[in-house]
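# Observations on chain architecture
The residues making up each chain are set out below.
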Amino acid sequence: MPFLDPDEGLYATIALEMARDGDWVMPHANGLPYLEKPPLYFWLTALTFRLLGPSEWTTRLWSALAVLGTVLLTWRIGRRLYGEGAGLLAGIVMATVVGNALYVRKASADQLFVFCLTLAIYGFLRDAERADRGGRRFLLFYLGIALSVLAKGFIGLFPLLIVGLGLALVRRLSWRDLNLARGAALVLVVAGPWHALVAWRSPTLFGVYVLDAHLLRFFNARRYVEADVPLSTLGFLAASFVWAFPWGVFSLARPEPGRTPPAHWRPVIVLWLVLVVGVFALSRFKHEYYALPAFPALAVLVGAAWAGGRDIGRWLALGLIGCAAVGLAALWIGAGPTAGQVLDGLAELNAYYRILRDQKVPLPFEPREFGVLLQGLGWVLLVGWGLATVCWARGWRPTAFASLVGVAGTITLLIFRLLDVVEPHHSVKEVAQAINAQAAPADVLVLEGSLSYGGALPFYTRRRLLLVNGAVDYFSITARLPEARGVFIDTSEMQKLWEGPRRVFLVAHRPFDRGLIAALPSASVHDLGGHGGSHLYSNR
């Protein structure tokens, strides 16, 4: 599948420029410094490009590997705290949470961060009852924290909050037991150099990285106008439940009591789940995927509950009522969904469609295909959950669990089909191929609007872009840097370029800026056709 913008194309372009130019300190996109995210995902992807070549799958590889690593760590945590059977089920639960169907194949730092956070918690739980490890005790915990910071920024310190409250609650370790001096040194050695080098090279962008990307984002008060439309608290909790389906239904089911020393640390898992969801629920800026770091904790709790079986029947019955209601509604709405209903549904699952809805832009798709997917979801909920409930009632517990795995797998296939439907609108690969087929080396490529919505163009065309009216969002800060001179142009500069001696290709997004096209000399505006969500024009 081509890169889906926003985000994926930027990640690919940043990694490509890093691998090509050899600047491993300051990430760049289209030659512009990019400090919205720390560099760990870019480093790993750039190394993969050098080994295996740049492509869609090598860009997404580290998301998939990170999820696989998280599944294995979840299995180990569940086995340590709840027993062998619970660990195995926890790993399966983590592998089949439906949210992973999307984010396992999306180039982003989110799954890498989830893995690093899980590594930190595993490192703590592994050594909590191991005083014999001496100077090596908890070093894996500190390494996970350092890598979390390099993957996602200062939110990577989350394990300190989780473990700190866990220590206060369980009271089986003193602060002296935590190997703090060696741990702090390890965090500084791993995560400190990059931050110090970036702060030295670009104090302006480092200030944006520290203040805007972390503190001000939490309060939705960034110093520049951000196009993203965050979810409400209720919408975030609902989206988190959807992404955790089908296993989130059992999040309150009770496991069997623990009788081993490691079982004393079970409250850490509950704190992990509650703190991640709670902190982001309190944040004034949140997206639907912000609960992903809580999913390993959820998987451990659900795996333990299914291994014991104490409350599963009750929650299966309640889930059947909910699935019946939602399934019947999906069948009814899916028979003839309106464009407004489809846009509202997509808006609860993706920020891009919240932006379209907020700007009152019409749905860019025919609703009929979404109706087919919605009806498929309805049948999966009715049949799959009903089968699991019947199997449990008959005493076929493994079959009931397998039925829910089947529900998750089938919904995964529906999500893949949904990606196929929306892909033409979110990908610039087709328009890039049209440019590559016609453009000469000296021709100029111009993108209308933000680079976030055409970030894959430099990757697919291997060209630097000019950005007309593109000094928006994060790039409104970048546009003021010396490196950005000549990259950002306004409408009047675009007019001069269009009338100049060089051939110019203009890529415009949907919804198109008709004012920009109208400002160009009509006799020289050659419409080269639509390509998914983009339109291509040329002055020759």
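Refer to the preceding data block for the structure.
Residues numbered from 1 in each chain as written. Predicted model: local features only at pLDDT ≥ 70, side-chain atom pairs only at ≥ 80, totals over all residues. Heavy atoms only, no water.

## Quick notes on the overall build of the protein
- Of regular secondary structure, the protein possesses 23 helices and 8 strands.
- In terms of overall dimensions, the protein has C-alpha extents of about 80 × 60 × 40 Å along its principal axes.
- In the protein, which comprises 540 residues, the proportion classed as buried is 56%.
- Long-range pairs, those at least 24 residues apart, make up 74% of the contacts in the protein between residues at least 6 apart in sequence.
- Element-wise, carbon and sulfur atoms account for 64% of the exposed surface of the protein, whose accessible area totals about 22200 Å². (Helix = DSSP H or I, 4+ residues; strand = E, 2+ residues; numbered from the N terminus. Buried < 20%, exposed > 50% of the residue type's maximum accessible area, 1.4 Å probe, protein only. Contact = heavy atoms within 4.5 Å. Areas by Shrake-Rupley, 256 points an atom, 1.4 Å probe, with all protein chains shown as cover.)

## Structural notes on the pattern of salt bridges
- Within this structure, the stated rule accounts for 16 salt bridges.
- Notably, a salt bridge pairs Glu-348 with Arg-357, separated by 3.6 Å at the nearest N-O pair.
- Among the ionic pairs, Glu-369 bridges to Arg-417, the shortest N-O distance being 2.9 Å. Of this pair, Glu-369 sits in helix α17 (residues 367–393) while Arg-417 sits in helix α18 (residues 397–426), and the two are 48 residues apart along the sequence.
- Under the relative-accessibility criterion, Glu-369 is labelled partly exposed at 32%.
- Judged by its relative accessible area of 38%, Arg-417 is partly exposed.
- One continuous salt-bridge network, built from bridges that share partners, spans Arg-126, Asp-127 and Arg-133. (Salt bridge = Lys/Arg side-chain N within 4 Å of Asp/Glu carboxyl O.)

## Brief notes about a nonpolar patch on the surface
- Judged by side-chain polarity, Phe-154, Leu-157, Leu-160, Val-210, Leu-211, Leu-215 and Phe-219 come together as a nonpolar surface patch covering roughly 550 Å² of accessible area.
- Among the elements that take part in the nonpolar patch, helix α10 (residues 203–218) stands out by supplying 3 residues, more than any other.
- Take Phe-154: its relative accessible area is 33%, and that puts it in the partly exposed class. (Patch = residues over 30% accessible without salt bridge, like charges linked within 9 Å, V, L, I, M, F, W, Y side chains within 5 Å.)

## Some words on the pairing of strand β8 (residues 534–538)
- Counted residue by residue, β8 has 5 buried out of 5 residues, so it is predominantly covered.
- Residues Ser-534, Leu-536 and Ser-538 point to one face of β8 and His-535 and Tyr-537 to the other, with burial holding for every one of them.
- Pairing analysis gives 5 bridges linking strand β6 (residues 504–509) to β8, with the strands arranged antiparallel. Bridged to His-509 within β8 is Ser-534.
- Summarising the sheet, strand β7 (residues 526–531) and β8 pair through 4 bridges and their orientation is antiparallel. If you follow His-526 over to β8, its bridge partner there is Ser-538. (Pairing = 2+ DSSP bridges.)

## Some points on helix α2 (residues 40–52)
- In this model, α2 (13 residues) spans 18 Å end to end at C-alpha, consistent with the 18 Å of a helix rising 1.5 Å per residue.
- Residues Leu-40, Tyr-41, Phe-42, Thr-45, Ala-46, Thr-48 and Phe-49 constitute the buried set of α2.
- Structurally, α2 contributes buried residues whose contacts are with α1 (8–21), α3 (56–82), α6 (110–127), α7 (139–152) and α20 (457–461).
- One or two steps after α2, the chain reaches Gly-53, where phi turns positive at roughly 90°. (Expected span 1.5 Å × (residues − 1).)

## What about the nonpolar core?
- Core analysis: the biggest nonpolar cluster contains 153 residues, and Phe-124, Phe-250, Trp-265 and Trp-306 have the highest contact counts within it.
- Per-element accounting of this core gives the leading share, 11 residues, to α6.
- Not counting residues within four places of it along the chain, the set of residues in contact with Trp-306 comprises Leu-89, Trp-247, Phe-250, Ile-312, Leu-316, Trp-392, Arg-397, Ala-400, Phe-401 and Leu-404.
- Listed in part, the 14 residues of the second largest apolar core include Tyr-352, Tyr-353, Val-361 and Leu-373. (Core = buried A, V, L, I, M, F, W, Y, C linked by side-chain atoms within 4.5 Å.)

## Remarks on the sheet that holds β7
- Taken in spatial order, the 6 strands of this open sheet run β5-β4-β3-β6-β8-β7, and their pairing is mixed. Each having just a single partner strand, β5 (488–489) and β7 make up the two edges of the open sheet.
- Bridge count between strand β3 (residues 444–448) and strand β4 (residues 466–468): 3 bridges; the pairing is parallel. Across the sheet, residue Leu-447 finds its bridge partner in β4, namely Leu-467.

## Looking at the environment of Arg-464
- Tracing the sequence through the fold places Arg-464 in the loop between α20 and β4.
- Setting aside anything within four residues of it in sequence, one finds Arg-464 in contact with Glu-17, Arg-20, Asp-21, Asn-30, Gly-31 and Leu-445.

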